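Structural features, examined
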Amino acid sequence: MTPEEKKKEIKMEDVRAKAEEKKCPVQKSLVFVEEFLAGPMCGKCFPCSLGSYEARIRIKKFIEGTATEEDIATLKRIASNMIETSRCKKGKDTAKFIMENMDSNEYTEHLSSNCSSKECRNLIKYIIVPEQCTMCGICQDVCKDNAIIGEKRKPYLSGYPPFEIVQKRCTKCGECIKVCPYNAIELKSSKEMAEKESVGA
Ligand code: SF4
Ligand code: SF4
Ligand code: SF4
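Quick summary incoming for the structure in this document.

About the criteria used
- Residues numbered from 1 in each chain as written.
- Chains lettered and ligands numbered in written order.
- Predicted model: local features only at pLDDT ≥ 70, side-chain atom pairs only at ≥ 80, totals over all residues.
- Heavy atoms only, no water.
- Core = buried A, V, L, I, M, F, W, Y, C linked by side-chain atoms within 4.5 Å.
- Buried < 20%, exposed > 50% of the residue type's maximum accessible area, 1.4 Å probe, protein only.
- Helix = DSSP H or I, 4+ residues; strand = E, 2+ residues; numbered from the N terminus.
- Contact = heavy atoms within 4.5 Å.
- Axes fitted to C-alpha atoms, helices over the stretch in contact; angles between N-to-C directions.
- Parallel < 35°, antiparallel > 145°, perpendicular 65-115°, else oblique.
- Left-handed = near helix turned anticlockwise from the far one by under 90°.
- Nonpolar A, V, L, I, M, F, W, Y, C, P; charged D, E, K, R; others polar.
- Near = heavy atom within 4 Å.

1. As for the nonpolar core
Grouped together as the largest cluster of nonpolar side chains are 32 residues, with contacts concentrated most on V26, I59, F62, L75, I98 and Y107. Those elements that place two or more of their residues in this core are helix 2 (12-20), helix 3 (25-38), helix 4 (46-64), helix 5 (69-85) and helix 6 (89-102). Per-element accounting of this core gives the leading share, 7 residues, to helix 3. Of all hydrophobic cores here, the second largest spans 17 residues; its members include Y126, C133, C143 and A184.

As structure tokens, then:
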């Protein structure tokens, strides 16, 4: 390894620290695997190099909301294979990290579109609570995607409907929730939304 390459090499403790910044166990695993693939993984042995790429594909499916029960079993199989057969500690530690995070119920929760930490964008929605919206228009001004519809209320005039977020246009950037002075914007998991809709139906 050249001195430049050595300088660039990411340490496993840095990989873990970066992953631990996330709250969602699935997101933690993805950050860990991506950082591992970007630096400490040398590709010298087959179970680790193939396993970590395969693990990344499976973990992404949970984040995107397309995973199935079979992906849980496959991910466990990949990780245990890496633990047993990877040549060095780095590969084993990566697999152990995935396994540790699979101990929580979150992987199963993601199968039903629920990310409890609300970090997986495909599994969350920003919504405006009509009863709390004063039609001030501040959120609309910060939404770069023109996803918020509504007309600013004019003083002394009535008959204005609350603002609404057009889900198809929303990129889940989270800017609107930061600026609403009335806490009228909420972040919901897709599961909570489905439950709400079924109660309202
Ligand atoms: S287990 Fe170690 S030696 Fe094998 S590919 Fe991974 S980092 Fe390289
Ligand atoms: S900032 Fe809040 S109160 Fe104002 S329009 Fe948007 S959601 Fe309604
Ligand atoms: S989350 Fe971002 S894109 Fe979605 S409505 Fe709010 S500001 Fe617009």
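2. Points about the environment of C115
Within the secondary structure, C115 is located in the loop between helix 7 (106-111) and strand 1 (124-128). What makes C115 buried here is its relative accessible area of 0%. Distance from C115 to S189, taken between C-alpha atoms, is 6.4 Å for residues 74 residues apart in sequence. Dropping the residues within four chain positions of it, C115 is found in contact with C24, E106, H110, C120, L123 and S189.

3. Describing the environment of I127
As for its placement among the helices and strands, I127 is situated in strand 1. For I127, the residues in contact, after removing those within four places along its chain, are I165, Q167, A184, I185, E186, K188, M193 and K196.

4. Quick word on the packing of helix 2 against helix 3
Between helix 2 and helix 3, whose axes approach to 8 Å, the crossing angle comes to 150°. Considering the angle they form, helix 2 stands roughly antiparallel to helix 3. You can see that helix 2 and helix 3 cross each other, and the crossing is right-handed. Between helix 2 and helix 3, the residues in contact are M12, V15, R16, K18, A19 and E20 and K28, V31, F32, E35 and F36, respectively. When its residues are assigned to classes, the contact of helix 2 with helix 3 shows 6 nonpolar, no polar and 5 charged.

5. Focus on the site of ligand 3
If you check the shell around ligand 3, you find Y126, C143, D145, A147, I148, I165, C170, T171, K172, C173, G174 and C176 and nothing else. Among the residues forming the shell around ligand 3, the class breakdown is 8 nonpolar, 2 polar and 2 charged.

6. Here's the deal with the side chain of S49
In this structure, S49 sits in helix 4. Filtering out sequence-adjacent residues up to four positions away, S49 remains in contact with M41 and G43.

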